[in-house]
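# Survey of secondary and tertiary structure
Here's the letter readout for the chains.
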Amino acid sequence: LETPSTSGFDDNTVRLKLKTKENDHFSQSEFDTDLKTLIQDFDRVIPEISLVDQKIYITLRLWSKPIIHTIVWTGNEKIKVQALEKELGICAGTIFDRQSFNKAFHKLKNYYVKEGFFFSSLEYQTTLNPECNEVDINIIICEGRAGRIKKIIFSGLNSCEKNEILDLMVTKEYNFFTSWITNEGTYNEDAIAQDQFVILNYLQNKGY
């Protein structure tokens, strides 16, 4: 084990997970499977193989997954940190698993698009402290300009129905003079989904 272990490292426990066994014939396919198994539990796995007198000697260098020390958010102005933390679903003090974090980070990118920030860009940087095997994560956000709703158009409704539905809807057209105060007129996918339900309910109550 190449990193400090806080939980106690037992190499026999690792051996039990491997299909490759001492004094057995070597199988490359089984060994490849073993490496895939180990990478689920460790941050990095580097095998070293040597051949001496027709015998194979295998050394596995393992790095434990680090603990997240801090997550720092920079660049977010329109969306609060609390909302972003909830969407990410990963917090400091937990194990840093690259695959799981990348999946959560991709979800975070989609969240910004759903909120109407079509030109946003997000990236993250990690800084590892090898002495304590902890990682600091810096999430860098460039929100860009939020999508504005220029016009809402209805088809198949009369003017009275249009006005009544507009009053019920959360989604509004962008107004240059008032939207910077009310935040109305900004595209929001969840709000539009809610409005679709409101419109359907309105039409059903009208007998359609």
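Here's a quick rundown of the structure. (Residues numbered from 1 in each chain as written. Predicted model: local features only at pLDDT ≥ 70, side-chain atom pairs only at ≥ 80, totals over all residues. Heavy atoms only, no water.)

### Examining the packing of helix 3 (residues 81–88) against helix 4 (residues 98–114)
Across the interface, helix 3 lies against helix 4 with an axial gap of 8 Å and an inter-helix angle of 130°. Accordingly, the angle class assigned to the pair helix 3 and helix 4 is oblique. In the crossing of helix 3 with helix 4, the sense of the turn from one axis to the other is right-handed. Contact residues: helix 3 offers Ala83, Leu84, Glu87 and Leu88, while helix 4 offers Phe101, Ala104, Phe105, Lys107, Leu108, Tyr111 and Tyr112. (Axes fitted to C-alpha atoms, helices over the stretch in contact; angles between N-to-C directions. Helix = DSSP H or I, 4+ residues; strand = E, 2+ residues; numbered from the N terminus. Parallel < 35°, antiparallel > 145°, perpendicular 65-115°, else oblique. Left-handed = near helix turned anticlockwise from the far one by under 90°. Contact = heavy atoms within 4.5 Å.)

### Topic: the packing of aromatic side chains
The geometry of two aromatic rings is summed up by the distance between their centres and the angle between their planes. If you walk through the whole model with that rule in mind, you get 7 aromatic pairs. Aromatic pair Phe9 and Phe42: ring centres 6.5 Å apart, planes at 75°, arrangement edge-to-face. Of this pair, Phe9 sits in the segment before helix 1 (11–16) while Phe42 sits in strand 1 (residues 42–52), and the two are 33 residues apart along the sequence. Under the relative-accessibility criterion, Phe42 is labelled buried at 10%. Ring centres of Phe26 and Phe31 lie 5.7 Å apart, and the angle between their planes is 50°; on these two criteria the pair is classed as tilted. Residue classification places Phe26 among the partly exposed residues on the basis of a relative accessible area of 33%. The class for Phe31 is buried, based on a relative accessible area of 4%. (Phe/Tyr/Trp six-rings, centres within 6.5 Å; stacked < 30°, edge-to-face > 60°. Buried < 20%, exposed > 50% of the residue type's maximum accessible area, 1.4 Å probe, protein only.)

### Quick look at the sheet that holds strand 5 (residues 134–142)
Read from one edge of the open sheet, 3 strands run 3-5-4, paired in mixed fashion. Of all the strands in the sheet, the pair left with one neighbour each is strand 3 (67–74) and strand 4 (121–129). Here the strands of the sheet are splayed against their neighbours by 20° on average, with no regard to which way each runs. Of the pairings in the sheet, the one linking strand 4 to strand 5 comprises 9 bridges and is antiparallel in character. By the bridge assignment for strand 5, Asn129 is matched with Glu134. Docked against the sheet, helix 3 engages strand 3 and strand 5, running at close to 135° with respect to strand 3. Strands strand 3, strand 4 and strand 5 of the sheet are contacted by helix 4, whose axis makes an angle of about 150° with strand 4. (Pairing = 2+ DSSP bridges.)

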